Amino acid sequence: MALHQNLTLIHLIAMNKKFVLGIYDDEDVLLEAIENVRAAGTKIYDVFSPYPVHGIDDVLGIKRSRLPIVAFFCGLFGTSFALWMQIWMLGFDWPMIIGGKPHIAIPAFIPVTFELTVLCAAFGMVITFFIVQRLRPSLKVNVFDKRSTDDKFVMAIEVKEGVTDMNALNSLLRSNGAIEVNEKEVIK
Amino acid sequence: MTEERLIIPRKTNNKFFLMIAIGVVLVIAGIIFMASGGGADHGAGHGEVAGHEPASWLKRLLMSLWLNNVYFSGIAIIGVFFVAVQYVAYAGWSVLIKRIPEALGYFLPIGGAIMIILFLVGGHDIFHWTHEYLYDINDERYDPIIAGKAGYLNFWFFLIRMIIFFAVWILFFNWLRRNSVNEDLQGGTAYYHKSIRISAMFLVFFGVSSSMAAWDWVLSIDTHWYSTMFGWYVFASWFVAGLAAITLTVIILKQNGYLKMVNANHLHDLGKFVFAFSIFWTYIWFSQFMLIWYANIPEESLYFLARLDEHYKWVFFTNLIVNFAFPFLVLMTRDAKRQMIMLKIVTIAILLGHWLDFYLMMMPGTMRGDAGIGFIEIGSTLVFLGVFLLTFTKGLAKASLVPVNHPFLEESVHHHV
């Protein structure tokens, strides 16, 4: 019996995560709060906002996305693929005289090359983003507080059982302008 | 917000005067060199052309003056155009740098005056179509194609267009500038709303006049040839050069301790403008080139054949490398657009590159095989640059560099990208 209870407990700890949510209603207060909370040594899980907030990446310490590098190489692939395809098809595999031009007529290939460069860069970026973020049709998203899609900012801090001092956290958030502090358990 | 007054040290002004003096000396040296037969060696390679005489030094001088005048006047009007676009777009980010494009327009009266004088003095040397005999059906040199264009391409209509374009451009420049300076003194939003209406009117006029100016001042040099892309092509060339001039000025002012509130975010947006419109110019260039290349109709492809012969080949390809490949690759990353040194290198390259672009548009149709970049071209460019910088910096010093009462100033100060 005791063993069974313990197993259930372990099961619960592994499956559920507990978060403390600081609710803010002002962008500037939020930015300052993020800085202070991080300075106090508390790790912020994420911040949810109804719209993109200028400067929030910097205060949260989020590194710049490396997606542009992917875009560059996908674009480079598109350029080389398009040129190779046209040169091989029209120059070697099935040479045809079109408009009296040479088989490999580079100026005529440029529109296609341009389009494939843009296409590959764009699709490459979107697909890479989906993969990196693990976005997929069956994905279940935990919405911490529905008001973060309306008019409130939500700062989520993960609670580590036995480590996090709930009272201290509560007062830290409140002293930094949180209008509410809630707790939420989510099933991972 | 605090005012920032630009003070041009006497040393800087002297540098501009020195630039003009060196330019004049170079031009005179070039003329003496050519008049004493220095350019005659060119003639040997063109012996097959019957009755070909090397172009005179006067023609060469007139062409280099015309080239520089069209180039610098273009940059000047692009300044006004840029400000007008910012107003109509309700742009906030550009407020801190708006006084720079605004002051570019101070060159317009000089450019207009020089252009009218050059046309009156050297019209025959610059424009083949100005010769009376082309329209005389009894003359053996009668040209039915040019005669068919007489309704548009005739001396008086051309001159009237030139005067109207410059007069209206200068009018709008003064109007916008006056509103902007009065806003500094009086405050309020009335000047802002008025400037939007003025800008909208100007943009409509500029949309038509920039194209027509391109046909008149550049395209009509190659009278038989025509391209429907040409108005856009010249506009694109002017616009990139103008954006490069604005960006370079911002950086130079910033490095001399002015424009304290301008930061990497503003430079980033200017860099994006330069980057994007380099590509835009290339897009227009290619659209014009490819259709003519593909169709291969003799009277159209002649234009590019003249530019791809041994004399101009290097300019043709340098043009593409400096104005497309270089800014495209260098300014591609975010960091490059936020660093002054990168932007400085690219904008200087673009300013030189688009001067070459105009060189390539004008010289093959006039100087043919006798064109070159020598004392006369470099000298007259230095003279124009010196005059341009004198008027531009003088205009810039007339008002605060920060438009203190602009309603979007606060937004520009906190601009973040």
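Residues numbered from 1 in each chain as written. Chains lettered and ligands numbered in written order. Predicted model: local features only at pLDDT ≥ 70, side-chain atom pairs only at ≥ 80, totals over all residues.

Trainee: Describe in detail the overall build of chain A, supporting the description with residues and values.
Mentor: A count of helices and strands for chain A gives 6 helices and 4 strands. The principal-axis extent of the C-alpha atoms belonging to chain A is close to 80 × 50 × 30 Å. Within chain A, contacts between residues at least 6 apart in sequence are counted, and of these 83% link residues at least 24 apart. (Helix = DSSP H or I, 4+ residues; strand = E, 2+ residues; numbered from the N terminus. Contact = placed C-beta atoms within 7 Å.)

Trainee: Describe the pairing of strand 3 (residues 153–159) of chain A, listing the residues and the values that go with them.
Mentor: All names here are of chain A. For strand 3, the tally of buried residues reaches 5 of 7 residues, placing the bulk of the element in the interior. Judged from the 7 bridges that link them, strand 1 (residues 16–24) and strand 3 form a sheet pairing that is antiparallel. When the bridges of strand 3 are listed, Ile23 appears paired with Val154. Relative to strand 3, strand 2 (residues 46–48) runs antiparallel, the two sharing 3 bridges. Bridge assignment links Phe48 to a residue of strand 3, and that residue is Val154. (Buried ≥ 20, exposed ≤ 12 C-beta atoms within 10 Å, placed from the backbone. Pairing = 2+ DSSP bridges.)

Trainee: Residues and numbers for the packing of helix 4 (residues 108–126) of chain B against helix 6 (residues 155–186) of chain B, please.
Mentor: Each pair of packed helices can be described by the angle between their axes along with the distance between the axes. Residue and element names in this part refer to chain B. Contact geometry of helix 4 with helix 6 gives a least axis separation of 10 Å together with a crossing angle of 175°. With respect to each other, helix 4 and helix 6 are oriented roughly antiparallel. Along its contact with helix 4, which presents Leu108, Pro109, Gly112, Met115, Ile116 and Phe119, the element helix 6 presents Leu159, Met162, Ile163, Phe166, Trp169, Ile170 and Phe173. (Axes fitted to C-alpha atoms, helices over the stretch in contact; angles between N-to-C directions. Parallel < 35°, antiparallel > 145°, perpendicular 65-115°, else oblique.)

Trainee: I'd like a description of the pairing of strand 1 of chain A, backed by residues and values.
Mentor: Here strand 1 of chain A pairs with strand 4 (residues 180–187) of chain A via 8 bridges, running antiparallel. Bridge pairing in strand 4 of chain A places Gly22 of chain A opposite Val181 of chain A.

Trainee: Give a description of helix 13 (residues 340–366) of chain B that names residues and reports values.
Mentor: Turn by turn, an α-helix covers 3.6 residues, leaving residues three or four places apart pointing in a common direction. Residues and elements named next belong to chain B. Given a rise of 1.5 Å per residue, 27 residues ought to cover 39 Å, and the 39 Å separating the end C-alpha atoms of helix 13 matches this to within 8%. Bending of helix 13 peaks at approximately 25° at the position of Leu360, with proline Pro364 no more than four residues after it. At the exit of helix 13 stands Arg368, carrying a positive phi of roughly 50°. (Expected span 1.5 Å × (residues − 1). Bend = angle between axes of the 7 residues up to and from the residue.)

Trainee: For the interface of chain A and chain B, give the residues involved together with the corresponding values.
Mentor: Listed as interface residues are 6 residues of chain A and, on the opposing side, 5 residues of chain B. Residues that form the side of chain A that touches chain B fall into these classes: 3 nonpolar, 3 polar and no charged. (Nonpolar A, V, L, I, M, F, W, Y, C, P; charged D, E, K, R; others polar.)

Trainee: How would you explain the environment of Asn182 of chain A if you had to name every residue and give the values?
Mentor: All names here are of chain A. Among the structural elements, Asn182 can be located in strand 4. On the basis of neighbour counts, which here come to 13 C-beta atoms within 10 Å, the residue Asn182 falls in the partly exposed class. The spacing of Asn182 and Phe144 is 38 residues in sequence and 9.9 Å in space, taken between C-alpha atoms. Each residue touching Asn182, except ones within four places of it in the same chain, is listed here: Leu21 and Ile23.

Trainee: Describe the packing of helix 11 (residues 313–330) of chain B against helix 13 of chain B, with residues and values.
Mentor: All names here are of chain B. Where helix 11 contacts helix 13, the two axes come as close as 9 Å, and the packing angle between them is 155°. Taken together, the axes of helix 11 and helix 13 lie roughly antiparallel to each other. When you trace helix 11 past helix 13, the crossing you get is left-handed. Across from Val315, Phe316, Thr318, Asn319, Val322, Asn323, Phe326, Pro327 and Val330 in helix 11, the residues of helix 13 making contact are Met342, Val346, Ala349, Ile350, Leu352, Gly353, His354, Leu356, Asp357, Tyr359 and Leu360. For the contact of helix 11 with helix 13, the residue count by class is 14 nonpolar, 5 polar and 1 charged. (Left-handed = near helix turned anticlockwise from the far one by under 90°.)

Trainee: So what's going on with the sheet that holds strand 2 of chain A? Residues and values would help.
Mentor: Residues and elements named next belong to chain A. Taking strand neighbours across the sheet as the criterion, the 4 strands line up as 2-3-1-4 in an open arrangement whose pairing is antiparallel. Among the strands making up the open sheet, the edge pair consists of strand 2 and strand 4. Ignoring strand direction, the axes of neighbouring strands in this sheet form an average angle of 30°. The sheet contacts of helix 6 (residues 166–175) involve strand 1, strand 3 and strand 4, and relative to strand 4 the element is tilted by about 125°.

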